[in-house]
Amino acid sequence: MRIPILLAALLASASIQAQTPPMPKLLPLTTTDIPQECGCSFGVKKGETLMFWSWENDKQHALIREEGDGLRSLRLFSEKYFPAQHEPPRPGERMTLQLSYGNWSIQSASEVTRACSPKAKSCTGTDYRNLMVLQWAGRQRLELKGWAHCGC
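Structure report, in brief. Computed from a predicted model, the values in this text were never measured in an experiment.

A short note on the state of the cysteines
Working step 1: Summed over all chains, the structure comprises three disulfides.
Working step 2: Shown here is the disulfide that connects cysteine 38 with cysteine 152, its sulfur atoms set 1.8 Å apart. Because the torsion about its S-S bond is 110°, the bridge between cysteine 38 and cysteine 152 counts as right-handed. A residue pair is termed long-range when its members are at least 10 positions apart, and cysteine 38 in the loop between β1 (26–27) and β2 (39–43) and cysteine 152 in the segment after β9 (140–151) qualify at 114 residues.
Working step 3: For cysteine 38, a relative accessible area of 11% gives the class buried.
Working step 4: Taking relative accessible area as the criterion, cysteine 152 reaches 77% and is therefore assigned exposed.
Working step 5: Between the sulfur atoms of cysteine 40 and its disulfide partner cysteine 150 the distance amounts to 1.9 Å. Across the S-S bond of cysteine 40 and cysteine 150 the torsion is about 110°, and the bridge reads as right-handed. Taken together, the positions of cysteine 40 in strand β2 and cysteine 150 in strand β9 put the pair 110 residues apart, joining distant regions of the chain.
Working step 6: When the bonded cysteines of the chain are numbered from the N-terminus onward, they pair as 1-6, 2-5, 3-4.

Structure (structure tokens):
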């Protein structure tokens, strides 16, 4: 008797997974997508921004470009700094962000690798080593190791 129940559970699980569309690909943001304001860019390949989060204005949204559906605005749910936020940041300090929109949930964990003094003339902003964890429809998950840069 246990085999038919187990088989029914497996078929139901497969049916739910078959109904969930595959995770859309994130495309690099275009220069017109990114607002001309202070914020943080996140990516995997140098020069290709997959997500942009601005700390100006309401500081509550980040932008991504989804294959097929275009530009999306994710809502910020959590922003934390470890051990504490300093200005300028110090190498080794960490920042985490949690954002979501519709089926998307994105977590970003960044560690400062280089921070420029506000008076520096040869460098600007702060560079990070970054890990973005993308989750789609609560089931599909992808980890992207890359970079982040915050500045004006």
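Now, onward.
Side note on the pairing of strand β7 (residues 104–115)
Working step 1: Two elements, strand β6 (residues 94–101) and β7, share eight bridges in a ladder whose sense is antiparallel. When the bridges of β7 are listed, arginine 94 appears paired with glutamate 111.
Working step 2: Examined bridge by bridge, β7 and strand β8 (residues 126–136) share eleven bridges and lie antiparallel to one another. Looking across to β8, one finds that serine 108 is bridged to methionine 132.

Reading guide: rules and limits
Residues numbered from 1 in each chain as written. Predicted model: local features only at pLDDT ≥ 70, side-chain atom pairs only at ≥ 80, totals over all residues. Heavy atoms only, no water. Disulfide = S-S within 2.5 Å. Helix = DSSP H or I, 4+ residues; strand = E, 2+ residues; numbered from the N terminus. Buried < 20%, exposed > 50% of the residue type's maximum accessible area, 1.4 Å probe, protein only. Pairing = 2+ DSSP bridges.

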